[in-house]
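Descriptive analysis of the structure
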Amino acid sequence: MERMRIGELTERAGVTQRTVRYYESIGLLPSGEREGNGHHYYTEETVTRLRKIDQLKKLGLSLEEIRDVIELYFTDPSGVQPKRKVLGLLRRHLADTDEKLEALRQFHAELQSHIERFERWLEVKDRE
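Residues numbered from 1 in each chain as written. Predicted model: local features only at pLDDT ≥ 70, side-chain atom pairs only at ≥ 80, totals over all residues. Heavy atoms only, no water.

Taken as a whole and judged by the stated rule, the model has one aromatic pair. A centroid spacing of 6.4 Å and a plane angle of 50 degrees characterise the contact between Y22 and Y23, whose relative ring orientation is tilted. Relative accessible area serves as the criterion here: at 44%, Y22 is assigned to the partly exposed category. Its end group placed over the ring of Y41, R3 keeps NZ or CZ at 4.4 Å from the ring centre. Above the plane of the ring of F74 lies R49, whose end atom (NZ or CZ) is 4.4 Å from the centre. (Phe/Tyr/Trp six-rings, centres within 6.5 Å; stacked < 30°, edge-to-face > 60°. Buried < 20%, exposed > 50% of the residue type's maximum accessible area, 1.4 Å probe, protein only. Lys NZ or Arg CZ within 6 Å of the ring centre and 35° of its normal.)

Moving on: the sheet that holds strand β2 (residues 33–34). Taking strand neighbours across the sheet as the criterion, the three strands line up as β1-β3-β2 in an open arrangement whose pairing is antiparallel. Two strands in the sheet have a free side with no partner beyond their single neighbour: β1 (3–4) and β2. As paired strands, β2 and strand β3 (residues 40–43) are joined by two bridges and run antiparallel to one another. Bridged to E33 within β3 is Y41. Those strands touched by helix α3 (residues 44–58) are β1 and β3, and its axis lies near 75 degrees from that of β3. (Pairing = 2+ DSSP bridges. Helix = DSSP H or I, 4+ residues; strand = E, 2+ residues; numbered from the N terminus. Contact = heavy atoms within 4.5 Å. Axes fitted to C-alpha atoms, helices over the stretch in contact; angles between N-to-C directions.)

Time to look at the domain arrangement of the protein chain. Looking at the assigned domains, one finds that the protein chain contains domain 1 (1–74) and domain 2 (76–128). On a C-alpha basis, the centroid separation for the pair domain 1 and domain 2 is 36 Å. Each side of the interface is counted separately: domain 1 has ten residues, and domain 2 has nine residues. Summed over both partners, the interface of domain 1 with domain 2 comes to about 890 Å²; 67% of that surface belongs to carbon and sulfur atoms. Area buried by domain 1 at its contact with domain 2 is led by E65, L72 and Y73, which between them contribute 55% of it. Our count for the domain 1 to domain 2 interface comes out at two residue pairs in polar contact (both at pLDDT 80 or more). Every element with two or more residues in the side of domain 1 that touches domain 2 is listed here: α4 (63–69) and α5 (72–75). Here the side of domain 1 that touches domain 2 is composed, by residue class, of seven nonpolar, one polar and two charged. (Domains from an automatic or database assignment. Buried area = accessible area lost by both parts, 1.4 Å probe. Polar contact = N/O pair within 3.5 Å; in protein donor to acceptor, adjacent residues only side chain to side chain. Nonpolar A, V, L, I, M, F, W, Y, C, P; charged D, E, K, R; others polar.)

Spelled out as structure tokens, the structure:
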């Protein structure tokens, strides 16, 4: 299995070293293998994992949500379990978005009502 140092890993995966270290610290990535010289070494699976994390972020998943599903992509060769879990998360995001949209519609209507009330009041004052 080919091993690489963090510089090559970040170049191949399109992320920064800081991102790799952060993902390791929050459990999204396993720490690289450390050798006697203190260097960390990573495998092709780490590149794949970083790319999958990026794809899931682009779907709108939080890092916490990604942490809950990422392992499934590497333990379920069929891909069914992770897709089902992500589908559930996306449905929840959609429901949350619908609620926010409704709240914005209500806020819009309230603003419109206030504007109309102020305009009517000013019209009366202008005629006096």
